[in-house]
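# Inside the fold
Spelled out from the first residue to the last, the chains are:
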Amino acid sequence: MSLLSAKEIMEIIPHRQPFMLLDTIEELTPGIRAVAKKCVSYNEPYFQGHFPGEPVMPGVLIIEALAQAGAVAILSVEENKGKTAYFAAISSARFKRKVVPGDVLMLETEIIKQKGSIGVGKATATVDGVIAVQAELTFAIS
């Protein structure tokens, strides 16, 4: 059973459809780590053009989904409630596997550094235990 539903996620982060890329939060340690799930469906709006006849989830959207998972972790801390986490940098992004309709994308972001309103998360997206994307994400809370 999921820890947080989509409705509960929307109480933490400001993202809404069609740009909210998390279905559920499966694990959460506020301020430290979040594991989210995204069930990738043929109905995703980006598949109309990426790519016709061979739908592939854009890598930048997988990065965004990882950032949203990290935002749930960092914005779950009492002093950050009601704030927004913005991208400050993306480092060491590696795309290892295509993500296609029917895949269940597991998104794990662990906050590895934070100083004041700036932090860094180590992010990994997997499908069936196989790494699809890895990156280091820097965020600014405002």
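For the structure, see preceding data.
Here goes a summary of the coordinates provided. Keep in mind that what you see is a predicted model, and the values were worked out from it rather than measured. (Residues numbered from 1 in each chain as written. Predicted model: local features only at pLDDT ≥ 70, side-chain atom pairs only at ≥ 80, totals over all residues. Heavy atoms only, no water.)

## A closer look at the overall build of the protein chain
Put simply, the rule is: We count a stretch as a helix when DSSP gives it H or I for four or more residues in a row; a strand needs E for two or more, and each element gets its number in order from the N terminus. Each radius of gyration is computed over the set of C-alpha atoms, and the globule rule expresses the reference value as 2.2 Å times the number of residues to the power 0.38. Partly exposed describes any residue whose relative accessible area lies between the buried limit of under 20% and the exposed limit of over 50%, with all areas from a 1.4 Å probe on protein chains only and scaled to the type maximum. Residue contacts follow a heavy-atom distance rule, with two residues in contact if any of their heavy atoms lie within 4.5 Å. Throughout, the Shrake-Rupley method with a 1.4 Å probe supplies accessible areas, and for residues the shown protein chains are the sole cover considered.
Secondary structure summary: the protein chain contains two helices and six strands in total. Helices and strands appear in the protein chain in the N-to-C order α-β-β-α-β-β-β-β. Relative to the 2.2 N^0.38 estimate, which gives 14 Å for 142 residues, the radius of gyration of the protein chain is 14 Å and therefore close to what a compact globule would have. In terms of overall dimensions, the protein chain has a C-alpha envelope of 45 × 30 × 25 Å along the principal axes. When burial is assessed residue by residue, the protein chain has 44% of its 142 residues classed as buried. Taking contacts inside the protein chain between residues at least 6 apart in sequence as the whole, the part at least 24 apart equals 59%. Accessible surface computed for the protein chain: about 7500 Å², of which carbon and sulfur atoms make up 54%.

## Points about the nonpolar core
Convention followed: The set of buried Ala, Val, Leu, Ile, Met, Phe, Trp, Tyr and Cys residues whose side-chain atoms join them within 4.5 Å is what this entry labels a nonpolar core.
If you look at the biggest cluster of nonpolar residues, it comprises 36 residues, and the most contacted ones within it are Leu22, Met57, Leu105 and Leu107. Counting only elements with at least two residues in this core, the list comes to helix H2 (59-75), strand E4 (104-115), strand E5 (118-127) and strand E6 (130-141). In this view, Leu22 contacts Ile9, Ile13, Ala36, Lys37, Ala65, Gln68, Ala69, Val72 and Leu107; residues no more than four positions away in its chain are not counted.

## Brief notes about the packing of aromatic side chains
The geometry of an aromatic ring pair comes down to the distance between the two centres and the angle between the two planes. Counted only if it meets this: Aromatic rings from Phe, Tyr and Trp, taking only the six-membered ring of Trp, are treated as a pair when their centres fall within 6.5 Å; an angle between ring planes under 30 degrees marks them as stacked, one over 60 as edge-to-face, and anything in between as tilted.
All chains considered together, the criterion is met by one aromatic pair. Here the aromatic rings of Tyr46 and Phe47 are separated by 4.8 Å at their centres, their planes lie at 70°, and the arrangement is edge-to-face. Phe47 matches Tyr46 in its accessibility class, with the two residues each being buried.

## Here we look at the pairing of E6
Sheet faces and side chains relate simply in a regular strand, where the side chains alternate between the two faces. We count it as follows: Pairing between strands is defined by DSSP: at least two bridges between the two strands are required.
Alignment of strand E3 (residues 85-95) against E6, held across eight bridges, turns out to be antiparallel. Looking across to E6, one finds that Tyr86 is bridged to Ala140. Looking at chain direction, E5 and E6 are connected through 10 bridges and run antiparallel. Along E6, the bridge assignment pairs Ile118 with Ala140. Linkage of E5 to E6, two consecutive antiparallel strands, is achieved through a turn of two residues, within which Asp128 is found at a positive phi near 50°.

## Quick word on the pattern of salt bridges
Two side chains with opposite charge may pair up if their charged atoms get near one another. What counts is decided by this rule: The term salt bridge refers to a side-chain nitrogen of Lys or Arg lying within 4 Å of a carboxyl oxygen of Asp or Glu.
Summed over all chains, the structure comprises six salt bridges. Note that Lys98 is salt-bridged to Glu54, the shortest N-O span being 2.8 Å. Of this pair, Lys98 sits in the loop between E3 and E4 while Glu54 is found in the loop between strand E2 (33-39) and H2, placing the two residues 44 residues apart along the sequence. Residue classification places Glu54 among the partly exposed positions, given a relative accessible area of 42%. Among the salt bridges present, the one from Glu78 reaches Lys81, with a minimum N-O distance of 3.7 Å. Classification of Glu78 as exposed rests on a relative accessible area of 60%. Where salt bridges share partners, they join Glu27, Arg33 and Glu108 into one cluster.

## Focus: H2
Inclusion rule: Take the residue count of a helix, subtract one, and multiply by 1.5 Å to get its expected span.
The end-to-end C-alpha distance of H2, which contains 17 residues, comes to 24 Å, matching closely the 24 Å that a straight helix rising 1.5 Å per residue would cover. Most of H2 is tucked away: 15 of the 17 residues are buried.

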